[in-house]
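# Working through the structure, step by step
Each chain, letter by letter, is given below.
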Amino acid sequence: MHPIVIIGTGLAGFNTVKEFRKLDKETPIVMLTADDGRNYSKPMLSAGFTKEKTADDLCMATAEKVAEQFNVDVRTGVHVAGIDPDNKRVLLPDDHLDYSQLVLALGADTWTPPLEGDAVGEVFSVNDLMDYSKFRAALEGKKTVTILGGGLIGCEFANDLSNGGYQVSLVEPMGRCLPLLLPEPASEAVGRGLADLGVTFHFGPLAKAVHHGDNGALVTELSDGSQLESDVVLSAIGLRPRIEMAKEAGLKTNRGILTDKTLRTSAEGIYALGDCAEVQGHVLPYVLPLMASARALAKTLAGDTTEVSYGVMPVTIKTPACPVVVCPAAEGSEGDWDVEADGNTVKALFRGKDGSLLGYALTGDAVSEKMKLNKELPAIMP
Ligand SMILES: Cc1cc2nc3c(=O)[nH]c(=O)nc-3n(C[C@H](O)[C@H](O)[C@H](O)COP(=O)(O)OP(=O)(O)OC[C@H]3O[C@@H](n4cnc5c(N)ncnc54)[C@H](O)[C@@H]3O)c2cc1C
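Everything numeric here is computed off the predicted structure, so don't read it as measured data. (Residues numbered from 1 in each chain as written. Predicted model: local features only at pLDDT ≥ 70, side-chain atom pairs only at ≥ 80, totals over all residues. Heavy atoms only, no water.)

### What to know about the sheet that holds strand S7 (residues 89-92)
Read across the open sheet, the three strands follow the order S6-S7-S8; overall the sheet is antiparallel. At either end of the open sheet lies a strand with only one pairing partner, and these are strand S6 (82-84) and strand S8 (95-98). Between one strand axis and the next, the sheet turns through 25° on average, direction left out of account. Note that S6 and S7 share three bridges and pair antiparallel. What sits directly across from Ile83, in S7, is Val90. (Pairing = 2+ DSSP bridges. Helix = DSSP H or I, 4+ residues; strand = E, 2+ residues; numbered from the N terminus. Axes fitted to C-alpha atoms, helices over the stretch in contact; angles between N-to-C directions.)

### Section: the pattern of salt bridges
On inspection of all chains with the given rule, the structure shows 13 salt bridges. The closest approach of N and O atoms between Lys261 and Glu307, which form a salt bridge, is 3.8 Å. Here the residue Lys261 occupies a position in the loop between strand S19 (257-259) and strand S20 (270-272), and Glu307 occupies one in the loop between helix H7 (287-301) and strand S22 (315-317), the gap between them amounting to 46 residues. In this structure Glu307 comes out as exposed when scored by relative accessible area, which is 53%. A single network of salt bridges, built from pairs that share partners, joins Asp36, Arg38 and Asp56. (Salt bridge = Lys/Arg side-chain N within 4 Å of Asp/Glu carboxyl O. Buried < 20%, exposed > 50% of the residue type's maximum accessible area, 1.4 Å probe, protein only.)

### A look at the UniProt feature "domain: FAD/NAD(P)-binding" (unreviewed entry) in the protein
Summarizing the sequence annotation, UniProt attributes the feature "domain: FAD/NAD(P)-binding" (unreviewed entry) to residues 3-280 in the numbering used throughout. Segment residues 3-280 splits into 22% helix and 29% strand. End C-alpha atoms: 27 Å apart. (UniProt positions renumbered as here; feature names shortened; annotations may be inferred.)

### Some details on the site of the ligand
Around the ligand there are 32 residues in total, and Ala12, Val80, Asp275, Val287 and Lys318 lie nearest to it. Here a nitrogen atom of the ligand and a backbone polar atom of Val80 are 2.8 Å apart. Bound to the protein, the ligand loses 93% of the 1000 Å² it would expose on its own. For the shell around the ligand, the elements supplying multiple residues, two or more each, are helix H1 (11-23), helix H4 (152-163) and H7. Of all the elements, H4 adds the most residues to the shell around the ligand, at three residues. Shared between two domains, the shell around the ligand takes at least three residues from each, and those domains are domain 1 (4-47 + 59-109 + 240-302) and domain 2 (112-235). (Near = heavy atom within 4 Å. Polar contact = N/O pair within 3.5 Å; in protein donor to acceptor, adjacent residues only side chain to side chain. Areas by Shrake-Rupley, 256 points an atom, 1.4 Å probe, with all protein chains shown as cover. Domains from an automatic or database assignment.)

### Observations concerning the packing of H1 against H7
Viewed as axis vectors pointing N to C, H1 and H7 meet at an angle of 40°, and their least axial separation amounts to 8 Å. By the angle between their directions, the pair H1 and H7 is classed as oblique. Seen from above, H1 lies across H7 with right-handed handedness. Contacts between H1 and H7 involve Leu11, Ala12, Asn15, Thr16, Glu19, Phe20 and Leu23 from the first element and Val287, Leu290, Met291, Ala294, Arg295, Leu297, Ala298, Lys299 and Leu301 from the second. Class assignment for the residues of the contact of H1 with H7 results in 11 nonpolar, two polar and three charged. (Parallel < 35°, antiparallel > 145°, perpendicular 65-115°, else oblique. Left-handed = near helix turned anticlockwise from the far one by under 90°. Contact = heavy atoms within 4.5 Å. Nonpolar A, V, L, I, M, F, W, Y, C, P; charged D, E, K, R; others polar.)

### Examining empty space enclosed by the protein
Counted by the stated rule, this structure contains two cavities of 30 Å³ or more. Approximately 60 Å³ is the volume attributed to the largest cavity. Taken together, Gly274, Asp275, Ala277, Val279, His282, Leu284, Tyr286, Pro289, Leu290, Ser293 and Tyr310 make up the lining of the largest cavity. Examining the composition of the lining of the largest cavity, we find that three residues originate from one element, H7, more than from any other. There is about 30 Å³ of room inside the second largest cavity. (1 Å grid on protein atoms, 1.4 Å probe; cavity = no way out; pocket = protein on both sides within 12 Å on 5 of 7 lines; lining within 4 Å. Points joined across faces, edges and corners; volume = space filled by probe spheres on them.)

### Remarks on the environment of Val120
Here Val120 shows up in the loop between strand S10 (108-110) and helix H3 (129-139). Overall, the relative accessible area of 30% leaves Val120 in the partly exposed class. Through-space distance from the C-alpha of Val120 to that of His212 is 9.2 Å; in sequence the pair is 92 residues apart. For Val120, the residues in contact, after removing those within four places along its chain, are Leu115 and Val210.

### As for the nonpolar core
Within the largest apolar cluster, 58 residues are counted, with the highest numbers of intra-cluster contacts made by Ile7, Leu32, Val90, Leu102 and Leu104. Per element, the largest residue contribution to this core is seven residues, and it comes from H7. Not counting residues up to four positions away in its chain, the partners in contact with Ile7 are Leu32, Val80, Ile83, Val90, Leu102, Val103, Leu104, Ala105, Leu106 and Met245. Formed by 40 residues, the second largest nonpolar core is a distinct cluster that contains Phe135, Val145, Leu181 and Cys322. (Core = buried A, V, L, I, M, F, W, Y, C linked by side-chain atoms within 4.5 Å.)

See the structure below:
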């Protein structure tokens, strides 16, 4: 009997193993990962200074410990080259591995803007614990950071680095904080909270180039002609599900690797979950959906085919300077924002044409209304 093979040791791969071992202690499992396989919670990467934790402090278990605890064979530093669904094989750089069932928990790649300049190679992005170790090392003894992108990751890092004593400049072409998640008054509240910590915003222009300046500084050139000097530049522009390997193997992909509600891809015996997956049209790169997926998939892998359902899944954004919780309406929902604002306390309700609540964004003291509103919201995917 060939093993179950899981590609990825992020939260999606790890939780699948954890849930599966509750049901089946013996079936052989091989986990493959391109990184060092340490178990950590990725959301904590943008709270290291606030929680006073280094990269190593964020490691909850080494790959060896995970292997022992869950009776799995964890192979680290292995970059999977491809998959061969017809022969049920994973292709490794100089070898192959046969599987009985295959789980793709590949995550998402950071998207870096097409920058010019002789210091482009020094722009950081933080998408795993190994990236974070390098980023923290680069910050040692430095004072100023330019962040490209004012979405969830950019705003969280702006808050965290400010808490760590860094002077932060943030560039966001869409003109406000969290532009894709929040209505304008809520964006403004977050912007004020971060500005009070000392964050300087450059709303409107795009970053065009990063050059070496004098005395080891980096100079970020913006499309409006201005130049920002800083010690370190962090790009937090966006993430794209890793779909290439699946696509090359002939699996159906769209924005993510397409699956049905049982997390099954278009190929027999191959499943996908987490940031790489598009589950019946839903691409939800957050922890709550992947936990629900891992629970359902564990049952399916153990022989009891089970559909995942997504209930109400609020996202808490880690900007303590202005707390935010948001429950985006399902994509394509029609409706309008109804906003009550009082300073940095904003209660924004997204209502459909019939007045029903479809989503919300809460900032400041209004976050305390989260539980009550969750009860009124429809499930994302019942
Ligand atoms: C800074 C930051 C803060 C966040 N904060 C929050 C938050 O507060 N709340 C929330 O809900 N979500 C948050 N998120 C999102 C959340 O962390 C992700 O949704 C989740 O961690 C994704 O897990 P994953 O296992 O799908 O992917 P990943 O953790 O990216 O794991 C992918 C795995 O696949 C492996 N892999 C990929 N390709 C190959 C290959 N070819 N060969 C071998 N291995 C391969 C990688 O090595 C890795 O082990 C945050 C994300 C970031 C970056």
